[in-house]
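Okay, here's what each chain looks like letter by letter:
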Amino acid sequence: MRLHEYQAKDVFADAGIPTPPSALATTADEVVARAAEIGYPVAVKAQVHVGGRGKAGGIELAEDEAEARAAAEAILGMDLKGYTVESVLVEGAVDFVNELYVGVTMDRGAGEPVAMVSTQGGVNIEEVAAEDPDAIAREHVDPAFGMHPYQSRKAVYDAGVSQSLARDVAGVLATLYEVWESTDASDAEINPLMVTGDGEVIAADAVLNVDDDALFRHPDLAELEEEAADDELEAKANEYGFDYVRLDGNVGIIGNGAGLVMTTLDLVDYYGGAPANFLDVGGGAKAERVTNALDMVFSDENVDAVVFNIFGGITRCDEVAQGINRALEGFDVIPKPVVVRLAGTNAAEGREILNDELVTVEETLEGAVQRAVEYAEEEA
Amino acid sequence: MSILVDEDTRVLVQGITGGEGQFHTEQMIEYGTNVVAGTSPGKGGQTVHGVPVYDTVEEAVEAEDADASVVFVPPAFAADAVFEALDTDLDLVVAITEGVPTQDMAKVHKRLTEVDTRLQGPNCPGIITPGETKLGILPGNIFADGNVGLVSRSGTLTYQVVDSLTSRGIGQTTAIGIGGDPIIGTDFVDALERFEADEETEAVVMCGEIGGEDEEEAAAYIAEHMDTPVAGFIAGRTAPPGKRMGHAGAIVSGSGTGTAQSKIDALNDAGVPVGDTPAEVADNVEDLL
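The shown structure was predicted, so the numbers you read here are calculated from the model rather than taken from an experiment.

### Things to note about the overall build of chain B
Helix and strand counts for chain B come out as 9 helices and 13 strands. Its C-alpha atoms give chain B a radius of gyration of 18 Å, near enough to 19 Å, the size a compact globule of 289 residues would have. Dimensions of chain B, computed from the C-alpha atoms along their principal axes, are close to 55 × 40 × 30 Å. Taken across its 289 residues, chain B has 60% of its residues classed as buried. Excluding contacts between residues fewer than 6 apart, the proportion of contacts in chain B whose partners are at least 24 apart in sequence is 72%.

### Here we look at the overall build of chain A
For chain A, the helix and strand inventory stands at 13 helices and 18 strands. Sequence-distant contacts, at least 24 apart, represent 68% of the contacts inside chain A between residues at least 6 apart.

### Brief notes about the domain arrangement of chain B
Residues and elements named next belong to chain B. Looking at chain B, the domain boundaries give domain 1 (10-120) and domain 2 (139-288). Across the contact, 10 residues belong to domain 1 and 9 residues belong to domain 2. Looking at the side of domain 1 that touches domain 2, the element that brings in the most residues is helix 4 (residues 102-112), giving 5 residues.

### Section: the interface of chain A and chain B
Listed by partner, the interface residues are 47 residues for chain A and 48 residues for chain B. Contributing elements (two or more residues each) for the side of chain A that touches chain B: strand 8 (112-118), helix 4 (125-131), strand 13 (243-246), helix 9 (258-270), strand 15 (277-280), strand 17 (338-344) and helix 13 (365-379) of chain A. Of the residues forming the side of chain A that touches chain B, the biggest block, 11 residues, is contributed by helix 9 of chain A. Taken together, the residues that form the side of chain A that touches chain B break down as 23 nonpolar, 11 polar and 13 charged.

### Considerations on the packing of helix 1 (residues 5-15) of chain A against helix 6 (residues 163-182) of chain A
All names here are of chain A. Viewed as axis vectors pointing N to C, helix 1 and helix 6 meet at an angle of 120 degrees, and their least axial separation amounts to 10 Å. With respect to helix 6, the axis of helix 1 lies oblique. When you trace helix 1 past helix 6, the crossing you get is right-handed. In this structure, helix 1 contributes Val11, Phe12 and Ala15 to the contact, and helix 6 contributes Thr175, Glu178 and Val179. Of the residues assigned to the contact of helix 1 with helix 6, the class counts are 4 nonpolar, 1 polar and 1 charged.

### Here we look at the nonpolar core
Counting 147 residues, the largest nonpolar core has A:Leu279, A:Ala372, B:Val71 and B:Val82 as the members making the most contacts within it. Those residues in contact with B:Val82, other than ones at most four positions away along the chain, are B:Val71, B:Val93, B:Ala95, B:Val108 and B:Leu119. Judged by nonpolar contacts, the second largest core, of 47 residues, contains A:Ile125, A:Val156, A:Leu176 and A:Ala185.

### Structural notes on the pairing of strand 6 (residues 92-95) of chain B
Residues and elements named next belong to chain B. The two faces of strand 6 match: Leu92 and Val94 on one face and Val93 and Ala95 on the other face are all buried. By the bridge criterion, 4 bridges tie strand 5 (residues 68-71) to strand 6 in an arrangement that is parallel. Residue pairing across strands places Ala68 opposite Leu92, the latter belonging to strand 6. When strand 6 meets strand 7 (residues 118-120), the two strands line up parallel, connected through 3 bridges. Each residue of the ladder has a partner; that of Val94, found in strand 7, is Gln120. Note that the unit made of strand 6, helix 4 and strand 7 has a crossover that is right-handed.

### Focus on the environment of B:Ile29
Take B:Ile29: it is sitting in helix 1 (residues 19-31). Considering only alpha carbons, one finds B:Ile29 and B:Gly131, 102 residues apart in sequence, at a separation of 12 Å.

### With respect to the sheet that holds strand 7 of chain B
All names here are of chain B. Strand order in the open sheet formed by 7 strands is 3-4-2-1-5-6-7, and the pairing between neighbours is mixed. Here the strands that pair on one side only, and so sit at the sheet edges, are strand 3 (47-48) and strand 7. Along the sheet, helix 1 makes contact with strand 1 (10-14), strand 2 (34-39), strand 3 and strand 4 (51-54), crossing strand 2 at roughly 165 degrees.

### Overview of the packing of helix 9 of chain A against helix 13 of chain A
All names here are of chain A. Where helix 9 contacts helix 13, the two axes come as close as 9 Å, and the packing angle between them is 55 degrees. One way to sum up the angle between helix 9 and helix 13 is to call them oblique. As for how helix 9 packs across helix 13, the hand of that crossing is right-handed. Along its contact with helix 9, which presents Thr264, Leu267 and Val268, the element helix 13 presents Leu365, Glu366, Val369 and Val373. Here the contact of helix 9 with helix 13 is composed, by residue class, of 5 nonpolar, 1 polar and 1 charged.

### Quick notes on the domain arrangement of chain A
Accessible area lost when the parts come together is the quantity often used to give the size of an interface. Along its sequence, chain A is carved into domain 1 (19-92), domain 2 (96-222) and domain 3 (232-379). Just the C-alpha atoms count here: the centres of domain 1 of chain A and domain 2 of chain A sit 25 Å apart.

### Topic: the sheet that holds strand 2 (residues 42-46) of chain A
Residues and elements named next belong to chain A. Taken together, 4 strands build an open sheet; the order of strands is 1-6-2-3 and the sheet is antiparallel. This sheet does not close on itself; its edge strands, each paired only once, are strand 1 (22-25) and strand 3 (59-62). Across the sheet, the mean angle from the axis of one strand to that of its neighbour is 20 degrees, orientation sign disregarded. With 4 bridges joining them, strand 1 and strand 6 (residues 88-92) adopt antiparallel strand pairing. Following the sheet pairing, Leu24 is matched in strand 6 by Leu89.

### Some thoughts on unusual backbone geometry
Residue A:Pro41 follows A:Tyr40 across a cis peptide bond; omega there is -5 degrees. Mapped onto the elements, A:Pro41 comes out in the loop between helix 2 (28-38) and strand 2. A cis amide bond, omega 10 degrees, links A:Asn191 with the succeeding residue A:Pro192. Tracing the backbone through its elements, the reader meets A:Pro192 in strand 10 (residues 185-196). Phi is positive for B:His49, close to 50 degrees, though the residue is something other than glycine.

### Thoughts on the pairing of strand 5 of chain B
Residues and elements named next belong to chain B. Of the two faces of strand 5, the one carrying Ala68 and Val70 and the one carrying Ser69 and Val71 are both buried. With 4 bridges connecting them, strand 1 and strand 5 associate as parallel partners. Paired with Val13 across the bridge in strand 5 is Val70. Each parallel crossover has a hand, and the one from strand 5 via helix 3 (residues 75-86) to strand 6 is right-handed.

### Focus on helix 13 of chain A
Counted at 1.5 Å a residue, the expected span for helix 13 of chain A with its 15 residues is 21 Å, and the 21 Å between its end C-alpha atoms agrees. Along helix 13 of chain A, the positions that sit buried rather than exposed are A:Leu365, A:Ala368, A:Val369, A:Gln370, A:Arg371, A:Ala372, A:Val373, A:Tyr375 and A:Ala376.

Parameters at a glance
- Residues numbered from 1 in each chain as written.
- Chains lettered and ligands numbered in written order.
- Predicted model: local features only at pLDDT ≥ 70, side-chain atom pairs only at ≥ 80, totals over all residues.
- Helix = DSSP H or I, 4+ residues; strand = E, 2+ residues; numbered from the N terminus.
- Rg over C-alpha atoms; globule rule 2.2 N^0.38 Å.
- Buried ≥ 20, exposed ≤ 12 C-beta atoms within 10 Å, placed from the backbone.
- Contact = placed C-beta atoms within 7 Å.
- Domains from an automatic or database assignment.
- Nonpolar A, V, L, I, M, F, W, Y, C, P; charged D, E, K, R; others polar.
- Axes fitted to C-alpha atoms, helices over the stretch in contact; angles between N-to-C directions.
- Parallel < 35°, antiparallel > 145°, perpendicular 65-115°, else oblique.
- Left-handed = near helix turned anticlockwise from the far one by under 90°.
- Core = buried A, V, L, I, M, F, W, Y, C linked by C-beta atoms within 7 Å.
- Pairing = 2+ DSSP bridges.
- Right-handed = clockwise from strand over helix to strand, strands pointing away.
- Expected span 1.5 Å × (residues − 1).

This is the structure in C-alpha cells:
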C-alpha cells in the first residue's frame, strides 16, 4: 500500500522529522485560503501515485494569490499519467541551498534492509543509482537488531555530507529507519531532504509504502488505504479481497494463482490481444468469489471478452463451474462473451456442469486465450 | 532418486488442527507421505487423522523423530512457527503460508545463516517426489514419476507446466515450489545445485517470474556449473512497472530491474531455451531429453 505524500508526511512529522507547514485542499478556493494561512511562496503539489510529478506538471510554485489560484486550477482535475488529480497539498516553499536523499528499503537479494544517503537528492535517485552508484552510500542493517546509531552516522559520512549537517541528517536517517520498521514499510524515502541557508534540514517530499501483508497489525494505516486508492475498480477489488491490477487492454482475465494469471496475461499478448486486467481469485475459489470476480471484470467498460482460467489444486473445478453458472444466470443478456478453461481437480465434472449456452468451454489454456482474443476483436 | 524428500522422510505438520492443516494432512497421508506428528499449542494429546498432536515442535521432533515439517500456520504467527522449527534439528522446513510480512521474513532469513536447517517458502505449494511423498498442497494426481526436475516460484503455474509434461509422458524426479515472496529460504540456485547432483534428473524445468534478480543469478549458475540441461519459463512479460502482480515478490521496480526481458535474456545467454507458452516449455524439454 502506497501512502499519499500528505499521509506519509504526517507519519514522518509525528516521528519528529522536520516537514514544511502544509495542508490538503480539493478546490481552488481552499488552495488560496490554505496558502494565505501558510504564507507565500507555496508549492501546490498533486496527490497522486505517479513518479516524476514535477516534470509532468503536477507541482507548481506560487508567489501570490493569483499564481496559487492558477496553479490550483491547472492541477486539480488534470490527468497525470492516467490518474485524475482530486487533491493537492499546499506547502510552504523551502528556501534551500542543497538537496539530499535519504531512504530505507528492503534489499530482497540480501534479505535485509538497507539505509541509503546521497548528496545528489532532488533528481531521480534511480538515475543516480544507475549512472553513478557510488554517489549513494548504503548501509545494510541486521533486522534483528535494528540500525545501530553508528550506522546512521557512517552512512551520512560515507555519502560525503558536510560535518556541519552530519548530525542532523544522521538523526533524520535514524528516525526514518524507526518509522520504516514500526510501520512494516517496504520503502521509506525523503527526496529531497532540503538543506536551508541556515543549515536546517527539512523533508520536502515523503514516500512511505507499507507491506500489504503486514497491514493486519497496523489498523491505523489500513484505514488510510481507502483514501489512497486511485482507481474505483482497484478500490472495489480491495473490498472483495482480490489481487487486482487494471491495465489498458480489452481482454478481461480471471484466474487462480499469481503465476498462472500472469502467464494468462502474457498469452493474451502473445496471441495478439491486450489484457484488461490481472485478477487472482486465489485458492479455493467458492461461488461468491467467482460471482464477485465476474462483477469486477464486467464493471470495466474497456472489457470486450473474458477468459476464465482455473487450474484446480485446492480449488475444485466443479465448485467454480457452479459459481460461473450462478453468476451468469443472473443476467438477461451476458454483458461480454466468457471463455472458460478448467483443469486439475474435478475438471471433467466442472466442464460437465458449465452451461455452454452461457460460456464457451475450451480444454487448453492456449486454446482458451486464443478464443477470447478472437471474441474481443469481434466485439471491439 | 529425488532431491530433499523421499518415501522415508518423516513429516511433522505445524498447525495440524486448523482447517488447512487437517485437510492437507489427510491429502498427504492419502498420497503416501509419512506424516508422523503434528503441533498445535494447547492441543497436545489429540490426534488428527490418526497423527499424534504435540504442543511444541521440540517435543514432536523428539518423540516422533521427524525430519521435515510443513507449516500451515496463519500469516501473523507463521514466522514464529518457522523460528520454532529452526530451533530444532529438522533438516527441512516447508512454509506454505501466504502473506507473511516481509520484515518477519528478513528476521527469519538472518536466523537461517546461523542454523543447518533448510527453509523452503513461504508462500509456496510445497515439494513432491512423485510416487513417494509430498509435503504441501500440490495436487498429487497430475504428477508422474520420471526424470525431469522442476523448480518454480508459483503454485498453479507449476501445475500447468507439470500437466503439459505428464500428458506427454514426461515424469518428474522432484518438483519444488520455492515461493513467490521477496524473501524466501531455498532459492533457484539451491534447487538447481541439488538437481545437478541428482543422477536421475536428466533435465530441469525452471519457472520464474518478474521481480528480484533470482532468475539472473540462476542463469549465471547454470552457465558456470550445470551439465544437466535446463528449460525455462518466465511469467509477467506484460506486467507494468510498479504494480504488484499478486505475489509480493512479483513487482518490476521503477528503475527497470526485475523485468521479464532481463530474465529471458540472461537465461538465453546461459543456453536455456525459454518457452513463450507452457506447451512450448514441454516441447523444449522433449528436445533436451
